[in-house]
Amino acid sequence: MKILVTGASGLLGLNLSLGMIETHTIVGVDRSKLAGTPFELVQADLLQAGACSRLIDQTRPDAIIHTAANADIDACESDPDGAHHLNAELPGHLAELCAKHTIQLIHISTDAVFNGAKDVIYTEDDTPNPLSIYAQTKLNGEAAVLSVNPDAVVARVNFFGWSLSGSRSLSEFFFNHLSTGKQVNGFTDVYFCTMFVGDLADTLVRILEKGLSGLYHVVGSEALAKYEFGVRIARQFGYDPELVIPISVTESGLKAKRSRNLRLSIHKLSTDLGLEIPGVSTGIEKFYTQHQQGYPQKMRSYQQL
Ligand SMILES: NC(=O)c1ccc[n+]([C@@H]2O[C@H](COP(=O)([O-])OP(=O)(O)OC[C@H]3O[C@@H](n4cnc5c(N)ncnc54)[C@H](OP(=O)(O)O)[C@@H]3O)[C@@H](O)[C@H]2O)c1
């Protein structure tokens, strides 16, 4: 299968592209951050008029995994119009083109579409109620995709791993503090079901291969507080877990509002794929193994100088 990955320089896009090169032909869409990748790169600013159409004509993919977005929650608060164009309008446009050319599409969305007020696990049938501009624009993107292309998959995700910049993910945030002996805050009152990005890449490929469509929660099978996640990273790497300071998200001073309960059910995903979905514990072990094998350095070697 030839798969076009948008946002190839991003945390998800780069891991996904590298993870699929053994089994698929990958073309990554980049805005000149990458060089020397073991997969083909095409340059495009997806917001330029006609860019998506040109990309499809030029590369003729069987499938597109659309990861490109403004995924910086606080940056979206400062630029709501930009967030709307990128996170809401662009996915709808891409979905229309995929329907026209019979290209499979996985559109990446977020667990943050829920406000977290419900005290149980969220299923795909629960009504989203976004708290931030980021979450609202991502929710609008989901609706735009499914209204024009019901064969597409909208995947609500949350993930961690190593990134091009070395500082994009929550796991790197903890690692970067802990590895230099610095204290780091961890929220005790924000629960999520984060998934190791390598496991997410494998799951997205299975979704494509199985030909699923519609809305799916694609997260890990285990819920934990962000504080606990930090403690587990510390333990895995042999750093002092007491460097992770338990605090409430209300003390964080972050600009955009955050949901406290991002526990998402993976029942539909696991049933439709006929697979067990991995949890965070094995994911943290894989994150550690990648570190021992020099994966973070390998990632950074793809940075355009
Ligand atoms: N990180 C998480 O834990 C998380 C959680 C839930 C959902 N998500 C969703 O997962 C997806 C991937 O997130 P991420 O963390 O990998 O994001 P990221 O690291 O911030 O990467 C975003 C990517 O989008 C690209 N991009 C932005 N504007 C573009 C444009 N106009 N044209 C072409 N490319 C453009 C960026 O390119 P440049 O590098 O050139 O800027 C970058 O490659 C997003 O849809 C996000 O909403 C992420």
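Above this text sits the structure in question.
In this text, all values refer to a predicted model and were calculated from it rather than measured experimentally.

A. Quick look at the sheet that holds strand E14 (residues 261-262). On the basis of which strands lie adjacent, the open sheet formed by three strands has the order E12-E9-E14 and mixed pairing. Since the sheet does not close on itself, it has two edges, and those belong to strand E12 (224-225) and E14, each with one partner. Looking at chain direction, strand E9 (residues 191-192) and E12 are connected through two bridges and run antiparallel. Bridge pairing links Phe 192 to Leu 224 in E12.

B. Representation of the environment of Tyr 122 in the model. If you trace the backbone, Tyr 122 turns up in the loop between strand E5 (104-110) and helix H5 (133-148). Tyr 122 sits in the buried class, given a relative accessible area of 2%. Sequence spacing of Tyr 122 and Arg 263 is 141 residues, and the spatial spacing of their C-alpha atoms is 6.2 Å. Discounting residues that sit within four places of it in the chain, Tyr 122 has contacts with Phe 114, Asn 115, Gly 116, Ala 117, His 217, Asn 261, Arg 263, Leu 264 and Ser 265. For Tyr 122, the side chain forms a polar contact with the main-chain nitrogen of Lys 118, separated by 3.1 Å.

C. A look at the site of the ligand. Taken together, 25 residues form the shell around the ligand, and within it Ser 9, Leu 12, Arg 31, Tyr 134 and Lys 138 come nearest. Bound to the protein, the ligand loses 88% of the 900 Å² it would expose on its own. Only helix H1 (11-20), E5 and H5 provide two or more residues apiece to the shell around the ligand. Top contributing element to the shell around the ligand by residue count: E5, with three residues. A breakdown of the residues in the shell around the ligand according to their chemical character gives 13 nonpolar, seven polar and five charged.

D. Molecular detail of the side chain of Ser 132. Mapped onto the elements of the fold, Ser 132 is located in the loop between E5 and H5. Accessibility expressed as a relative area gives 9% for Ser 132, which makes it buried. Ignoring any residue separated from it by four or fewer positions in sequence, one finds Ser 132 in contact with Ile 73, Glu 77, Ala 256 and Lys 257.

E. Broad picture of the packing of aromatic side chains. This structure, assessed with the given rule, holds 14 aromatic pairs. Seen from their ring centres, Phe 160 and Phe 287 are 5.9 Å apart, and the 75° between their planes marks the pair as edge-to-face. Of this pair, Phe 160 sits in strand E7 (residues 159-160) while Phe 287 sits in helix H10 (residues 280-292), and the two are 127 residues apart along the sequence. Owing to a relative accessible area of 1%, Phe 160 belongs among the buried residues under this scheme. An angle of 65° between the planes, with centres 5.6 Å apart, marks the rings of Phe 173 and Phe 174 as edge-to-face. Assessed through its relative accessible area of 36%, Phe 173 is described here as partly exposed. Within the aromatic cluster, the residues linked to one another by ring pairs are Phe 160, Trp 162, Phe 173, Phe 174, Phe 175, Phe 192, Phe 196, Phe 229, Phe 237, Tyr 239, Phe 287 and Tyr 288. Above the face of the Phe 192 ring, Lys 226 is positioned so that its terminal group lies 5.1 Å from the ring centre. Seen from the ring of Tyr 216, Lys 268 lies directly overhead, with NZ or CZ sitting 4.3 Å from the centre.

F. A look at the side chain of Asp 74. Along the chain, Asp 74 falls in helix H3 (residues 73-78). Looking at Asp 74, its side chain comes within polar contact range of the side chain of Arg 258, at 3.0 Å. Each residue touching Asp 74, except ones within four places of it in the same chain, is listed here: Leu 254, Lys 255, Ala 256 and Arg 258.

G. Up close: the sheet that holds strand E4 (residues 63-66). Judged by pairing direction, the sheet is parallel, and its seven strands sit side by side in the order E3-E2-E1-E4-E5-E6-E11 without closing on themselves. Pairing within the sheet leaves two strands with one partner each, and these edge strands are strand E3 (40-43) and strand E11 (214-218). Shown here is a sheet whose adjacent strand axes are inclined to one another by a mean of 20°, direction ignored. Relative to strand E6 (residues 153-157), E5 runs parallel, the two being bridged by five bridges. Bridging from a neighbouring strand, Ser 109 pairs with Arg 156 of E6. Strands in contact with H1 are strand E1 (2-6), strand E2 (25-30), E4 and E5; relative to E1, the strand with the most contacts, it is inclined by about 160°. Its contacts with the sheet put helix H7 (residues 197-210) on E1, E4, E5, E6 and E11, and the angle it makes with E5 is roughly 140°.

H. Layout of the nonpolar core. One finds Ile 65, Ile 106, Leu 204, Ile 207 and Phe 229 to be the most contacted residues of the largest nonpolar core, which totals 64 residues. Looking at which element gives the most residues to this core, the answer is H7, with seven residues.

What counts as what
Residues numbered from 1 in each chain as written. Predicted model: local features only at pLDDT ≥ 70, side-chain atom pairs only at ≥ 80, totals over all residues. Heavy atoms only, no water. Pairing = 2+ DSSP bridges. Helix = DSSP H or I, 4+ residues; strand = E, 2+ residues; numbered from the N terminus. Buried < 20%, exposed > 50% of the residue type's maximum accessible area, 1.4 Å probe, protein only. Contact = heavy atoms within 4.5 Å. Polar contact = N/O pair within 3.5 Å; in protein donor to acceptor, adjacent residues only side chain to side chain. Near = heavy atom within 4 Å. Areas by Shrake-Rupley, 256 points an atom, 1.4 Å probe, with all protein chains shown as cover. Nonpolar A, V, L, I, M, F, W, Y, C, P; charged D, E, K, R; others polar. Phe/Tyr/Trp six-rings, centres within 6.5 Å; stacked < 30°, edge-to-face > 60°. Lys NZ or Arg CZ within 6 Å of the ring centre and 35° of its normal. Axes fitted to C-alpha atoms, helices over the stretch in contact; angles between N-to-C directions. Core = buried A, V, L, I, M, F, W, Y, C linked by side-chain atoms within 4.5 Å.

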